[in-house]
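# Descriptive structure summary
As a plain string of letters, each chain reads:
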Amino acid sequence: MQISVQLSWLEIATNHPQSLRLNLPIAIGKDATSLPQSIDGDQVEQMILNDRSVSRYHALLAFDRENVVVIDQNSTNGMLVNGILIDRSVELCKVLSSGDRLTIGRYEITIAFDLSATSKTIITGAPSNSVKLASTVSTILFNPETGLPQANVTQPSLASASNFPPNFFQLPMVEVQSLHQTGLPVYETTYGAIGGGLGSYIWADYLRIFGVAVDQIVALGLEPQPYARYKRLCLNSQIPLYERLRSNSESCPDNIWGFPSYAWREAWHDFTQGKIDKTCKYLWQVFAEPDLAETYTPRSGNVFDSIDREASRIGWDKIYRYGRVRSLRKTDDGRYAIAYSLGQGNHAFLVAKYLHLAVGYAAIQFLPDLQAYRSQTEDFRAVVNGYEEHEHIYQHLENHGGTVLIRGRGIVASRIVQRISEIRQRSPQQKINLLHLMRSPKAQGNSYGRAQRTVDNHYEFQPFNWPKAC
Ligand SMILES: Cc1cc2nc3c(=O)[nH]c(=O)nc-3n(C[C@H](O)[C@H](O)[C@H](O)COP(=O)(O)OP(=O)(O)OC[C@H]3O[C@@H](n4cnc5c(N)ncnc54)[C@H](O)[C@@H]3O)c2cc1C
């Protein structure tokens, strides 16, 4: 029988509420390699708390004699239950009630569970390693795109990574010699870029333009096209290839001089097609923006095509290497060691003199009530974030109609309204309801001096803001 517990806490680094449902037993600690993967041949779930005050293997949550218990694993700092320090000279194993607060290091974790459905005793024996598991369970796999747990999938990467990176990566500095002693491949380069996305690509582009040879740069990432992740997020948030981005005309990741800009290029393209009116429109926009004309922004498809051309020019295919980066450390000779995996049981190191780190947005955030709903129900299809893949919702509306509730009124919300409105026009026979929930009415836009933002339908139109890439 599986007994699952809901673990809720505030993430220290971001102060964002987090929630996970895991099956017992759950090993808690800061180092995945120190946590047991199985006890008595059965699988253990792992909860990693990234905090110095947490021991490598701090505690075990388990089911013992019809109780959920927490067992201290000889941790350095011990733990508190509902604010009271567990006296380890008296008890190592503490029975928990649903709703109890467990303090481990700086983390305060609320534990919730329901034992009403459980039957007879499953467990025998004393604390720790003699605990018998309720059943074999899968570990939680985090979806790299959404940052959310995926239900019922085993996580080969964690298991395979059990002894990788090696223990000496716990130290702030590693010896290059120890990397070689592992017997794993050790590659060396001058410039190492982590992520392989747009940030890495732009850095590599600059280096190449300033004369660095292609074999001196390595970009480690998960997808060969530098814009792959960005494109996916754009498509999910309803910016198809023919729609326009927010960057302006000269913010060109593929052209550090900004000329010819996207506007010039589009104008020239349309001119050669005989579309004089459009040519004039784009040129007028770039001369008159932002006061007399809307700021020009490029079509996403054009941007991706230009990046492809520049990528091929600078030899990006020789720079990019597939690799999931697991850890970075300084080396004893003043460089950086990057431990990365190419697949299950397939690991390597890269040593670089200079390091550039650009791994994109950390995760997609939900409001706490939505996060709780998704964690509890594991329903990742009906409640979605605009940046997640949710094409199935539009398909459903087109084929069966339905009601959509949108929360928020940012740029993504406006794109979703646009898409649904297009479906309504295309499929008038379907009954499609749209409820747009906004936190507060917006009668008037923000103002600065005599400038005032326009408001329409409680949407405030924000003028173009300079993109991060600038
Ligand atoms: C819908 C949308 C529209 C946007 N519009 C604009 C715009 O108009 N103009 C603008 O300038 N910016 C825009 N942005 C922002 C822009 O996308 C980001 O600023 C930019 O992509 C950041 O570059 P990056 O390299 O840090 O991240 P990314 O381009 O996301 O690349 C990060 C890469 O790191 C990889 N990675 C993560 N972890 C690891 C790991 N452990 N090992 C190996 N690889 C890893 C990821 O797979 C990813 O490929 C927009 C963003 C979105 C989502």
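Since the model is a prediction, treat every value here as computed from it, not as a measurement.

Moving on: the confidence of the model for the protein chain. Looking at the protein chain, the pLDDT average stands at 84 and 87% of residues meet or exceed 70. When pLDDT is averaged over each element of the protein chain, helix α8 (residues 316-319) comes out on top at 98 and helix α1 (residues 156-160) at the bottom at 35. In this model, residues 119-142 is a region of pLDDT below 50 whose contacts with residues beyond four sequence positions or in other chains number 65 contacts. Scored below 50 in pLDDT, residues 145-161 shows 34 contacts in the model against residues more than four places distant or in partner chains.

On to the pairing of strand β1 (residues 4-10). Only one face of β1 is buried: it carries Val5, Leu7 and Trp9, and the other face, with Ser4, Gln6, Ser8 and Leu10, is open. Sheet topology note: the β1/strand β2 (residues 17-23) ladder contains 7 bridges and is antiparallel. Counterpart to Trp9 in the pairing with β2 is Gln18. Remark: 6 residues form the turn of the hairpin made by β1 and β2, two consecutive strands paired antiparallel; Asn15 in that turn has positive phi of roughly 65°.

Bringing the sheet that holds strand β12 (residues 100-104) into the picture now. Taken together, the 6 strands give an open sheet; going across it, the order is β2-β1-β13-β12-β9-β10, and neighbouring strands pair in antiparallel fashion. What marks the edges here is a single partner per strand, and that holds for β2 and β10 (84-85). Relative to β10, strand β9 (residues 80-81) runs antiparallel, the two sharing 2 bridges. In the strand pairing of β10, Leu80 is matched with Leu85.

Criteria and thresholds
- Throughout, residues of each chain are indexed from 1 in the direction in which the sequence is written.
- In keeping with the predicted nature of the model, local features appear solely for residues at pLDDT of at least 70, side-chain atom pairs appear and are counted solely at 80 or more, and the whole-chain, interface and lining totals rest on all residues.
- Confidence scores here are pLDDT values: one per residue, from the predictor, ranging 0 to 100.
- Strands here mean DSSP runs of E at least two residues long; helices mean DSSP runs of H or I at least four residues long; both are numbered from the N terminus.
- Two residues qualify as a contact pair if the distance between their C-beta atoms, derived from the backbone, is within 7 Å.
- The exposure label follows from counting other C-beta atoms within 10 Å of a residue's C-beta, where the C-beta atoms are placed from the backbone and the thresholds are 20 or more for buried and 12 or fewer for exposed, leaving partly exposed in between.
- For two strands to count as paired, DSSP must find a minimum of two bridges between them.

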